[in-house]
Amino acid sequence: MTHGVGAVGGMYVKNVGPGASGPFTVDIYGSCPQETFSDAPHDSPGLAVGAEMFIRITFTFENTGACSVSADVDYDNQVPETNEDNNHVSVNITSQ
């Protein structure tokens with residue numbers, strides 16, 4: 001990715017649990033200073049069993065170097081879950 005230029009990414013969030021979820025928030029953030037993200041945090045009204053949603057994100061890193069983009073689903077623990085350990089994802093990015 002080129003620093004100072006907007007890039008587009010996205011992610012799917014799927015309910016793999018045994019019951020429908022209530023509303024939850026997906027926190028989207030990066031590891032470098034002076035970064036901006038659209039639609040962060042992203043609020044969801046909830047997902048039925050097996051349902052998924054796509055979140056499109058536009059982001060800009062103003063600095064160069066190794067960074068990461070991360071997301072925490074239900075980061076404020078509003079949804080009771082049988083597995084709280086599958087709610088985080090992180091991707092390494094190099095800004096040039």
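Please refer to the structure higher up on the page.
Residues numbered from 1 in each chain as written. Predicted model: local features only at pLDDT ≥ 70, side-chain atom pairs only at ≥ 80, totals over all residues. Heavy atoms only, no water.

(A) Structural detail: the pairing of strand S5 (residues 52-61). Of the pairings in the sheet, the one linking strand S1 (residues 7-14) to S5 comprises 8 bridges and is antiparallel in character. By the bridge assignment for S5, Val13 is matched with Met53. Note: strand S3 (residues 35-37) against S5, 3 bridges, orientation antiparallel. If you follow Glu35 over to S5, its bridge partner there is Phe61. (Pairing = 2+ DSSP bridges. Helix = DSSP H or I, 4+ residues; strand = E, 2+ residues; numbered from the N terminus.)

(B) Broad picture of the environment of Val89. Within the secondary structure, Val89 is located in strand S7 (residues 88-95). Separated by 35 residues in sequence, Val89 and Phe54 have C-alpha atoms that sit 15 Å apart. Apart from residues no more than four positions distant in its own chain, Val89 is found in contact with Met11, Val69, Ser70 and Ala71. (Contact = heavy atoms within 4.5 Å.)

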